[in-house]
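Coordinate analysis (summary)
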Amino acid sequence: MKLQRSGFVAGIALTATIALTACGSDNAPAGGGSGSSAAPGDCVSGSLTAQGSTAQKNAMDEWIKAYQTKCGADAKVDYQGTGSGAGIEAFIAGTADFAGSDSALKEDEQPQADAKCAGGKALNLPMVIGPIAVVYNVEGADGLQFSSATLAKIFAGKITKWNDAAIAAENSGAKLPDANIETVHRADESGTTDNFTKFLSKTAEADWTFSNAKAWKAPGGTAVSKSDGIATKVKGTANTISYVEMSFAENQALQTAKIKNGAGEFATLSAESAGKTFENAEIKGKDGDLALSLDYATTTPGAYPIVLVTYEIACSKGSAKAKAVQSFLKYTSSTEGQKELSELGYAPLPETLRAKVAESVASIA
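On a predicted model such as this, the values are computed, not experimentally measured, just so you know.

Regarding its fold elements, the chain presents 12 helices and 16 strands. Burial analysis of the chain (365 residues in total) assigns 56% to the buried set. Here the contacts in the chain between residues at least 6 apart in sequence split such that 75% fall between residues at least 24 apart.

Next comes the structure, spelled out in structure tokens:
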């Protein structure tokens, strides 16, 4: 299935209708309600424990606050930003009622997760579009821009000085110091790392030979835990460069770079430009699973190509807390819940994809 973009509303909200072809109806069932939210009749008493993606932690905090305000003190959700890898491990171990991950379940993870869903399977439910910012701290050098090849060489340790000829060639007139570059990467397993290295491996394979994974594979650099740790490190350390979700970059007012896309443009980071990358996204899952495949080499004009989607990993059937999980995810996938994202440095799901997520959530039993 292809996601085709038809437009965006003003600002950073991405609520335009996106046409999806094949693989079933675009209409959410009456029980799910494509615009439904956690109305009092949808609220379920009890406590949910979840963990995982730090990329969506700010979104989760806001969602939980709003959901509990709607549903009362008896509807409790505790979400800890432990990292995508830890979240999936917790779901597989049975210590998380649902998990947040910046990547869909891998082939070796899917059957382990399915085993926790008696009579069902573990669903990958996209919930948040999170543009990945390339952030840096170089005094007097705002507005730097990079091709994927130059980024790959920097993070692989092949370019070690800020005034290297390759950086200078892409940044005419920029004030580049004769200083060592300190690359910073995630110490913990992270879907942000997986998506960032996937971008490098798909668009600069000659210069990035480490493939992609949640765990950082390239030599050198400084390892820092969690997204907020990355942002804090770059904010306080001169001549650093790293990658982090846009919301964390905005919270720390970090310098962010323009990134060259497949159309040959250096695209500015924004929710709208990140949303354009979804024009060629494919839904590779089936039977309610909505795992996506993104085109990191997109040639769509204006598209910012380094993006991630955070997924909620939840059982389609067999969870002891299925109704409570369904109730909370009904809110996060509702039009109301998605609108919360535009104020937090994220992008809401395109409308037709959101409706499909709501449809899958409505089928949880």
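This paragraph deals with the state of the cysteines. Each disulfide consists of one covalent bond between the sulfur atoms belonging to two cysteines. Enumeration according to the criterion identifies two disulfides in this entry. Across the disulfide from Cys-43 sits Cys-71; the S-S distance is 2.0 Å. Judged by the sign of its S-S torsion, about -70°, the cystine formed by Cys-43 and Cys-71 is left-handed. Here Cys-71 lies in helix α1 (residues 57–71) and Cys-43 lies in the loop between β2 (18–20) and β3 (46–52), a separation of 28 residues in the sequence. Judged by its relative accessible area of 21%, Cys-43 is partly exposed. We classify Cys-71 as buried; its relative accessible area is 15%. Disulfide pairing is shown between Cys-117 and Cys-315; the S-S distance is 2.0 Å.

It is worth spelling out the nonpolar core at this point. Across soluble globular proteins, you tend to see nonpolar side chains buried next to one another. Grouped together as the largest cluster of nonpolar side chains are 102 residues, with contacts concentrated most on Leu-151, Trp-162, Ile-241 and Phe-328. Leave out the neighbours within four places in its chain, and Leu-151 touches Val-134, Phe-146, Phe-199, Leu-200, Ile-241, Ile-259 and Ile-306.

It is worth spelling out helix α6 (residues 191–203) at this point. Given a rise of 1.5 Å per residue, 13 residues ought to cover 18 Å, and the 18 Å separating the end C-alpha atoms of α6 matches this to within 8%. Listed as buried for α6 are Gly-191, Thr-192, Thr-193, Asp-194, Asn-195, Phe-196, Thr-197, Phe-199, Leu-200 and Ser-201. The backbone nitrogen of Thr-192 lies 2.9 Å from a side-chain oxygen of the residue at the head of α6, namely Ser-190.

Moving on: the packing of α1 against helix α10 (residues 322–332). For the pair α1 and α10, the least separation of the axes is 10 Å and the interaxial angle reads 110°. Classed by the angle they form, the pair α1 and α10 counts as roughly perpendicular. The interaxial crossing formed by α1 with α10 has right-handed handedness. In this structure, α1 contributes Met-60, Trp-63, Ile-64, Ala-66, Tyr-67 and Lys-70 to the contact, and α10 contributes Ala-324, Ser-327, Phe-328, Tyr-331 and Thr-332. Looking at side-chain class alone, the contact of α1 with α10 contains eight nonpolar, two polar and one charged residues.

This part covers the sheet that holds strand β13 (residues 266–267). One key point about sheets: their strands pair by backbone hydrogen bonds, in either a parallel or an antiparallel sense. Read from one edge to the other, the open sheet built from three strands follows the order β7-β12-β13, with strand pairing classed as mixed. Lying at the two open borders of the sheet, with one neighbouring strand each, are β7 (145–146) and β13.

Turning next to the packing of helix α4 (residues 148–155) against α6. Packed helices, taken two at a time, are described by their axes: the angle between them and the distance between them. Between α4 and α6, the least distance of the axes is 9 Å, while the angle of their chain directions is 120°. As far as their axial angle goes, α6 and α4 are oblique. Crossing handedness for the pair α4 and α6: left-handed. Taking contact as the criterion, the partners of Ser-148, Leu-151, Ala-152 and Phe-155 in α4 are, on α6, Phe-196, Phe-199, Leu-200 and Thr-203. A per-class count over the contact of α4 with α6 returns six nonpolar, two polar and no charged.

The rules we used
- Residues numbered from 1 in each chain as written.
- Predicted model: local features only at pLDDT ≥ 70, side-chain atom pairs only at ≥ 80, totals over all residues.
- Heavy atoms only, no water.
- Helix = DSSP H or I, 4+ residues; strand = E, 2+ residues; numbered from the N terminus.
- Buried < 20%, exposed > 50% of the residue type's maximum accessible area, 1.4 Å probe, protein only.
- Contact = heavy atoms within 4.5 Å.
- Disulfide = S-S within 2.5 Å.
- Core = buried A, V, L, I, M, F, W, Y, C linked by side-chain atoms within 4.5 Å.
- Expected span 1.5 Å × (residues − 1).
- Polar contact = N/O pair within 3.5 Å; in protein donor to acceptor, adjacent residues only side chain to side chain.
- Axes fitted to C-alpha atoms, helices over the stretch in contact; angles between N-to-C directions.
- Parallel < 35°, antiparallel > 145°, perpendicular 65-115°, else oblique.
- Left-handed = near helix turned anticlockwise from the far one by under 90°.
- Nonpolar A, V, L, I, M, F, W, Y, C, P; charged D, E, K, R; others polar.
- Pairing = 2+ DSSP bridges.

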